[in-house]
Amino acid sequence: DCMTNPLIVVRPVSVTDAMLINTDVTEADYAAWSAVTTYALGDRCIVTTDVHLIYESLAAGNLNHNPVTDATNWIEVSPTNRWALFDGSNSTVTTAPSGSMTYTLRPVGGINAFAALNLTGVNTVRVRLTHATLGTVYDTTTDISSTPPDVGWWAWFFGTRTAPSLMVLTDLPGILGCDLIVDFSGTVDMSVGVVLFGEARSVGVGLLQGARVGIVDYSRKETDTWGNTVLVQRAFAKRANFSIPIMSGQVDSVIDYLATLRAIPCLWIGSGQYASSVVYGFYKAFEVVIAYSTVSDCSLDIEGMT
């Protein structure tokens, strides 16, 4: 039996300097790199053109060595705070101590999907599309404040509340020439790991029942010869396995499409009923079994980004 929804794949648009029209998130993590400044061991600087990265000096007397091209004297630390939510990694986050932040972007082409992932302390996300001639063509606010874990009066009053860590929209109108405006509001410890947008594409006619979801845990779990166990919590990545029926006339186009996504982090949206079936990551493998004359079966193994 098939679930109601097909598998939806969103290939994110790469955000460039030209796309970022406006934001109230500053880019002042450290002073910008200067060719006339002598950096000591451990000094840090930022490069704000194209790469938007923080670098740390690996040598004393570090003068006129460009961090972007000189791996001997510099090491990359992380993206700048302003650009961390566009770097494609869940582990790096953009923070907003003020409890709010806004971004205005001008995508090239039309987009019909948006997602914000690895959210902490975020209460609402407002997404708008505005057009110079048509005005506001899309405006929706999603409330993702914390909720009780279970149904009932005890859980409502005494249960530990948890907030969703992601929000996904797949109903954007896809009108060309629009600006995308995203407003986040929340607490003073608010952070956003990934913001992505692009074209959503359906794969297959529906997900088969029996999809498998879980995590890959990278925590350290070691037991010595005396039986003492050491547990060190580290990052984890979501994982999923989907089985998708494909009409035989679409087999070649699906294979060709998936081949273009190899080693590219995408948003894979399974059942709309379960947030755990939404995975931002890459496929480890896929296989199509041409089982019947009219319908074939596709199996996808997805591993999430940390």
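Look above for the structure.
Within any chain, residue numbers begin from 1 and follow the written order of that chain's sequence. This being a predicted model, a pLDDT of at least 70 is required before a residue's local features are given, and a value of 80 or more before pairs of side-chain atoms are given or counted; all residues contribute to the totals for chains, interfaces and linings. Values shown for side chains rest on all heavy atoms present in the structure; no hydrogens or waters enter the calculation.

Notes on the overall build of the protein chain
Phase 1 of the analysis: The helix count covers DSSP runs of H or I at least four residues long, the strand count covers runs of E at least two residues long, and both are numbered beginning at the N terminus. Check the secondary structure of the protein chain and you find 2 helices and 20 strands.
Phase 2 of the analysis: With the C-alpha coordinates aligned to their principal axes, the bounding extent of the protein chain is approximately 70 × 70 × 50 Å.
Phase 3 of the analysis: Residue exposure (1.4 Å probe, protein chains only): buried if accessible area is under 20% of the type maximum, exposed if over 50%, otherwise partly exposed. Counting over 306 residues, the protein chain shows a buried share of 39%.
Phase 4 of the analysis: Working rule for contacts: check all heavy atoms of both residues, and any pair within 4.5 Å makes them a contact. In the protein chain, the proportion of contacts linking residues at least 24 apart, taken out of those at least 6 apart, comes to 66%.
Phase 5 of the analysis: In this tally, Asp and Glu contribute negative charge and Lys and Arg positive charge; neither His nor the terminal groups of the chain are included. We put the charge of a Lys on NZ, of an Arg on CZ, of an Asp on CG and of a Glu on CD. Side-chain charges of the protein chain comprise 16 positive and 28 negative groups, with the mean position of each set lying 3 Å from the other.

Description of the environment of Asp43
Phase 1 of the analysis: Tracing the backbone through its elements, the reader meets Asp43 in the loop between β3 (38-39) and β4 (44-47).
Phase 2 of the analysis: For the pair formed by Asp43 and Phe158, sequence separation is 115 residues and the distance between their alpha carbons is 48 Å.
Phase 3 of the analysis: If we skip the residues at most four places from it in the chain, Asp43 touches Tyr55, Glu56, Ser57 and Trp74.

Here's the deal with the nonpolar core
Phase 1 of the analysis: Only buried residues count toward a nonpolar core, which is a set of Ala, Val, Leu, Ile, Met, Phe, Trp, Tyr and Cys residues joined through side-chain atoms within 4.5 Å. Counting 32 residues, the largest nonpolar core has Met101, Phe114, Val125, Leu180 and Phe184 as the members making the most contacts within it.
Phase 2 of the analysis: Of all the elements in the fold, those that place two or more residues in this core are β9 (100-105), β10 (113-131), β12 (166-169) and β13 (178-203).
Phase 3 of the analysis: The element contributing the most residues to this core is β13, with 8 residues.
Phase 4 of the analysis: Beyond its immediate stretch of four places on either side in the chain, Met101 contacts Asp24, Val25, Leu85, Thr94, Ala96, Val182, Asp183, Phe184, Met190 and Val192.

A short note on the sheet that holds strand β5 (residues 53-57)
Phase 1 of the analysis: One requirement defines pairing of two strands: DSSP has to find at least two bridges between them. The antiparallel open sheet is built from 3 strands, whose spatial order is β4-β5-β7. Of all strands in the sheet, those with a lone pairing partner are β4 and β7 (74-79), marking the two edges. Neighbouring strand axes in the sheet, compared pairwise and without regard to direction, differ in orientation by 35° on average.
Phase 2 of the analysis: Two strands pair when backbone bridges link them, and β5 and β7 are joined in this way by 5 bridges, in the antiparallel orientation. Bridge pairing links Ser57 to Trp74 in β7. Only the contacting stretch of a helix is used when fitting its axis, a line to C-alpha atoms as for every element, and angles between N-to-C directions run 0 to 180 degrees.

Details of the pairing of β13
Each regular strand shows side chains that alternate between the opposite faces of the sheet.
Phase 1 of the analysis: Examined bridge by bridge, strand β1 (residues 7-12) and β13 share 6 bridges and lie antiparallel to one another. The residue bridging Leu7 from the neighbouring strand is Val203, located in β13.
Phase 2 of the analysis: As paired strands, β9 and β13 are joined by 6 bridges and run antiparallel to one another. Paired with Met101 across the bridge in β13 is Phe184.
Phase 3 of the analysis: Pairing of β10 with β13, which is carried by 16 bridges, proceeds in the antiparallel orientation. Pairing of Val122 across the sheet is with Gly186, part of β13.

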